[in-house]
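Spelled out from the first residue to the last, the chains are:
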Amino acid sequence: MGSVALRNIRKSYGPVEVLHGIDLDIQDGEFTVLVGPSGCGKSTLLRSIAGLETITGGDICIDETVINSLAPKERNIAMVFQNYALYPHMSVAKNMGFSLRLAKESPSEINRKVNAAAEILDLTNLLDRYPRQLSGGQRQRVAMGRAIVRDPKVFLFDEPLSNLDAKLRVQMRSEIKELHQRLKTTTVYVTHDQIEAMTMADRIVVMRGGQVEQIGTPLELYDRPASVFVAGFIGSPSMNFIAATARDDGLLLDTDESLGKTPVALANGRGVIAGFRPEDIRLSDTGVSAKVALIEPTGAETQLVLRTGENSIVMTTRDRISLSPGDPVHFSISEGKLHCFDAESERALSGAV
Amino acid sequence: MLRSDRLLAYAMILPVVIAVVAFVVGPTYNVATLSLTQVVMGQERGFGTLGNFRALAADPVFGLVLQNTAIWILGGTFLCVTVGLGVGTFLAIDSRMTGWLRALILLPWVLPDVVTAMAWKWMLHGQVGILGQTLQSSGLTEGTVSFLGDPDLVMWMLVIVLIWRKMPLVALILCAAIRSVPDDQLEAARMDGANAVERFRFVTLPNIAFSLTAVTVISMIWITAEFALPWIMTGGGPANASQIMATYIYQQSFEFFNWGVASAMSVINLFMLATIVALYLYVNRRSWASEESK
């Protein structure tokens, strides 16, 4: 058991409030990812759950029990730090068994638990090594091992993969996910990398400026972003945004060309922000006219930058392209893939919520 | 090409080699030979004798000197480092007050030896010392206490003044080391359930082990070399009760002109110090920092 509930969490440093009332419910066993740009408060929120930061207002509950005033060790939570935070003077086994040793468990019991965790993480051969003798990925696994041996109610991960190189990151990503599927421990994972969020999460919490922007499953966020921010943050390359005007049931650019049908009924002449994903663009004979500005083949797919008037539009296609920069093209957007956001509030006018 | 590079390299370090030979090896050799030379009233009388060492062994004062030196060096170093560690830990706390204290604490360190010694000598004076008078007027003691006149007390008084003088730098060095302990390790320890004492024992202490060793060895060398403080405050008295190696060597050479005996003591002193430092480094490298001693 290990459900987490956050009720109106506020945190201030002096007069500066960095968390403006966060509400969040995390089910037992769920893998939740907090994602957002630097300074959005995601790490602060995580550290508040851990008890390393005191919150200024609100309640943190684990299994319906308010734990605001409990010390970190009494919360039954384990945390994996960005820089691993291994004790350099202790061997891998001592690192992993440290919490048990502090809890005055018997040496044989510590040994058994450490070995079990090492087994899971494939660290058995490394138990006698010291952190300085390990590679980045191995250190990361030891840090996870240290969390596992305690069998906590909740795992917290604070950007655990950001110090690894790209290839290792992908590998560790799947290892962590696999580990979660095996242990089924409630997990809160902080990252600024939307791909990590998309690939690992059961549910993603997008944060911005100390507030929750949207909560949902990865595909919900992708298909029905609640705001321009979420739409732009999730997905790579990110969504194209373009100013448009509603006319009859179509969205028109300033060049009077039609992007397609409005996803929701809009008043005639209302200015909105139209959004569409790079992979939802098709080159066609009719549609919006544009010029090819840049072609970037990546192998599996090709990225094109199109220019129409003032706007640059990124599209991706799996077709092989025989165009060259400067060629005139027309494009259209796949049916039902057009998003519409209020020009002022930048909230979605269609799709999610 | 390679050969000339190597010659050039030797030529470049030659000045340092000469300087070390001239200023370190030379005098050491000189003292060593002198310790094996019979000297009477400043006149050399024959080389190749162990007479100086025999004279020391027979000297009843020398036993007392060794005992006092042990208090001075071992007690002084131990207290200097432990008190320094305590103060350093306190100073490592982030607050406005500790910021000021960190600057102020160096004050004892920048004062000249002679000033420190004279100031403390008068403060501890048997009749007119402010400490003794305060104790008397507050009724804690019947009369004034002659801190430096009491053979049982004088050595420890010297050690206290020594710590007052040497501890601040130790505290500052350890404070800097403590402040550089990675926060995430301390936080990880908190998550692991370590209380403040356990965090200090299992995270802070191992992380500052290197600084702690260095500072211990350095203090020991400082304290061994410290001469002005005890000499000015007590001159080895009363009745040799505070005579230590440094002052006794001085007395033997510059008051009694027993160069040979003084040199013999210097040699003993050097070996003692080298042994202690070597032992300490050996023990330290092998065990306690790396948790594996258990």
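Residue indices begin from 1 for each chain and proceed along its sequence in written order. As they are written, the chains are lettered A onward and the ligands numbered 1 onward, keeping that order. Side-chain atom pairs in this predicted model are given and counted only at pLDDT of 80 or more, local residue features only at pLDDT of at least 70, and totals for whole chains, interfaces and linings cover all residues. The side-chain quantities take in all heavy atoms of the structure and omit both hydrogens and water.

Things to note about the sheet that holds strand β6 (residues 77–80) of chain A
Residues and elements named next belong to chain A. Put simply, the rule reads: Strand pairing is defined by DSSP finding a minimum of two bridges between the two strands. Only DSSP runs of H or I with at least four residues qualify as helices, and only runs of E with at least two residues qualify as strands; both kinds are numbered from the N terminus onward. For helices, the axis comes from a line fit to the C-alpha atoms of the stretch in contact; other axes are also lines fit to C-alpha atoms, and the angle between any two N-to-C directions lies between 0 and 180 degrees.
Here we have six strands laid out as an open sheet, ordered β6-β7-β8-β3-β9-β10, and mixed in their pairing. Across the chains shown, the open sheet's two edge strands, defined by having one partner strand only, are β6 and β10 (211–216). In this sheet, neighbouring strand axes are inclined to one another by 20° on average, regardless of whether the strands run parallel or antiparallel. Sheet analysis places strand β3 (residues 31–35) next to strand β9 (residues 203–208), joined by four bridges and oriented parallel.

Here's the deal with the pattern of salt bridges
As a reminder of what qualifies: Any Lys or Arg side-chain nitrogen found within 4 Å of a carboxyl oxygen on Asp or Glu counts as a salt bridge. The cut-offs for exposure are 20% and 50% of the maximum accessible area for each residue type, with area from a 1.4 Å probe on protein chains only; residues under the lower value are buried, those over the upper are exposed, and the others partly exposed.
On inspection of all chains with the given rule, the structure shows 18 salt bridges over all chains. As a salt-bridge pair, arginine 47 of chain A and glutamate 187 of chain B come within 2.6 Å of each other at their nearest N and O atoms. Taken together, the positions of arginine 47 of chain A in helix α1 (residues 42–50) and glutamate 187 of chain B in helix α9 (residues 183–191) put the pair across two chains. Each member of the pair, arginine 47 of chain A as well as glutamate 187 of chain B, is classed as buried. In this structure, glutamate 226 of chain B and lysine 166 of chain B form a salt bridge, with 3.1 Å as the shortest nitrogen-oxygen distance. One end of the pair, glutamate 226 of chain B, is in the loop between α11 (209–225) and α12 (228–233); the other, lysine 166 of chain B, is in helix α8 (residues 154–179), and 60 residues separate them in sequence. The same class applies to glutamate 226 of chain B and to lysine 166 of chain B, which are both buried.

Here we look at the pairing of β3 of chain A
Residues and elements named next belong to chain A. Of all five residues in β3, five are buried, a share of seventy percent or more. Of the two faces of β3, the one lined by Phe31, Val33 and Val35 and the one lined by Thr32 and Leu34 are each fully buried. Alignment of β3 against strand β8 (residues 186–191), held across five bridges, turns out to be parallel. Bridge pairing in β8 links phenylalanine 31 to threonine 187.

What to know about the side chain of threonine 98 of chain B
All names here are of chain B. Put simply, the test is: Any pair of N or O atoms that falls within 3.5 Å is considered a polar contact. Within protein, one atom must be able to donate a hydrogen and the other to accept it, and sequence-neighbouring residues count only if both atoms are side-chain atoms. Throughout, a contact is declared for two residues whenever any of their heavy atoms are within 4.5 Å.
Positionally, threonine 98 belongs in helix α4 (residues 96–104). A distance of 2.7 Å separates a polar side-chain atom of threonine 98 from the backbone oxygen of isoleucine 93. A distance of 3.0 Å separates a polar atom in the side chain of threonine 98 from the backbone oxygen of serine 95. Sequence-distant contacts of threonine 98, defined by excluding residues within four places in its chain, comprise Phe90, Leu91 and Ile93.

Digging into the confidence of the model for chain B
Here is the rule: Here pLDDT means the predictor's own confidence in every residue, given as a number from 0 to 100.
Of all residues in chain B, 92% have pLDDT values of 70 or greater, and the mean over the chain is 84. As a predicted assembly, this complex carries a pTM of 0.78 together with an ipTM value of 0.81.

A closer look at the domain arrangement of chain B
Residue and element names in this part refer to chain B. As a reminder of what qualifies: How far each domain reaches was decided by an automatic or database domain assignment. The buried area of a pairing is the accessible area, by a 1.4 Å probe, that goes missing from both parts when the two are put together, added over both. Under this grouping Gly is polar, as are all residues other than the nonpolar Ala, Val, Leu, Ile, Met, Phe, Trp, Tyr, Cys and Pro and the charged Asp, Glu, Lys and Arg.
Along its sequence, chain B is carved into domain 1 (1–35) and domain 2 (51–293). For domain 1 versus domain 2, the separation of C-alpha centres amounts to 34 Å. On the domain 2 side, the residues contacting the five residues of domain 1 number nine residues. Interface of domain 1 and domain 2: buried area, both sides summed, is about 430 Å²; carbon and sulfur atoms make up 70% of it. Taken together, the connections running from domain 1 to domain 2 amount to zero salt bridges. Taken together, the residues of the side of domain 1 that touches domain 2 sort by class into three nonpolar, two polar and no charged.

Some points on the packing of helix α4 (residues 136–148) of chain A against helix α5 (residues 166–183) of chain A
Helix-helix packing is described using two parameters, namely the angle between the two axes and the distance between the axes. All names here are of chain A. Our working rule: Note on angle classes: values under 35 degrees are labelled roughly parallel, values over 145 roughly antiparallel, values of 65 to 115 roughly perpendicular, and the remainder oblique. For a crossing to be left-handed, the near helix must be turned anticlockwise from the far one by less than a right angle; the clockwise case is right-handed.
Closest axis-to-axis distance for the α4/α5 pair is 11 Å, and the angle between their directions is 20°. As the angle between them shows, α4 and α5 are arranged roughly parallel. Crossing angle aside, the handedness with which α4 passes α5 is right-handed. Packed against α4, whose contacting residues are Gly137, Gln140, Arg141, Met144 and Ile148, the element α5 presents Leu168, Met172, Glu175, Ile176, Leu179 and Leu183 at the interface. The class makeup of the residues in the contact of α4 with α5 is seven nonpolar, two polar and two charged.

Some details on the packing of helix α2 (residues 92–102) of chain A against helix α3 (residues 107–121) of chain A
Residue and element names in this part refer to chain A. Running from amino to carboxyl end, α2 crosses α3 at an angle of 130°, the nearest separation of the two axes being 9 Å. Here α2 is positioned oblique relative to α3, judged by the angle of their axes. Where α2 crosses over α3, the handedness of that crossing is right-handed. Mapping the contact onto sequence places Ala93, Met96, Gly97, Leu100 and Arg101 in α2 and Ile110, Lys113, Val114, Ala117 and Ala118 in α3. Looking at the contact of α2 with α3 residue by residue, the class counts come to seven nonpolar, one polar and two charged.

Some points on the domain arrangement of chain A
Residue and element names in this part refer to chain A. Under the domain assignment used here, chain A contains domain 1 (4–233) and domain 2 (240–350). When each unit is reduced to the centre of its C-alpha atoms, the spacing between domain 1 and domain 2 is 38 Å. Contact residues are listed per partner, giving ten residues for domain 1 and nine residues for domain 2. Summed over the shared surface of domain 1 and domain 2, the result is one salt bridge. Two residues, arginine 347 and glutamate 213, come together in a salt bridge whose shortest N-O distance is 3.6 Å. There are four residue pairs in polar contact (both at pLDDT 80 or more) connecting domain 1 and domain 2. Listing elements by their share of the side of domain 1 that touches domain 2, those giving two or more residues are α7 (218–223) and α8 (228–233). A class-by-class count of the residues in the side of domain 1 that touches domain 2 yields six nonpolar, two polar and two charged.

Brief notes about unusual backbone geometry
Residues and elements named next belong to chain A. Of the consecutive residues serine 236 and proline 237, the connecting peptide bond is found in the cis state with omega at -5°. By the secondary structure assignment, proline 237 is in the loop between α8 and β11 (240–247). Backbone geometry at alanine 85 places phi at a positive 55°, although glycine is not the residue there. Looking at where alanine 85 falls in the secondary structure, it is placed in the loop between β6 and α2. With relative accessibility at 3%, the residue alanine 85 sits in the buried group. For glutamate 346, which is not a glycine, the phi torsion comes out positive at approximately 60°. Tracing the chain through its elements places glutamate 346 in the segment after β20 (339–342). Residue classification places glutamate 346 among the partly exposed residues on the basis of a relative accessible area of 31%.

A closer look at the interface of chain A and chain B
If you look at the interface, chain A gives 27 residues, while chain B gives 20 residues. Roughly 2,100 Å² of surface becomes buried between chain A and chain B when both sides are summed, with 55% attributable to carbon and sulfur atoms. Taken together, chain A and chain B are joined by two salt bridges. The closest approach of N and O atoms between aspartate 192 of chain B and arginine 150 of chain A, which form a salt bridge, is 4.0 Å. On the surface where chain A and chain B come into contact, there are six residue pairs in polar contact (both at pLDDT 80 or more). Secondary structure elements with two or more residues in the side of chain A that touches chain B: α1, β6 and α2 of chain A. Here the side of chain A that touches chain B gets five residues from one element, more than from any other, and that element is α2 of chain A. Of the residues in the side of chain A that touches chain B, the class split is 15 nonpolar, five polar and seven charged.

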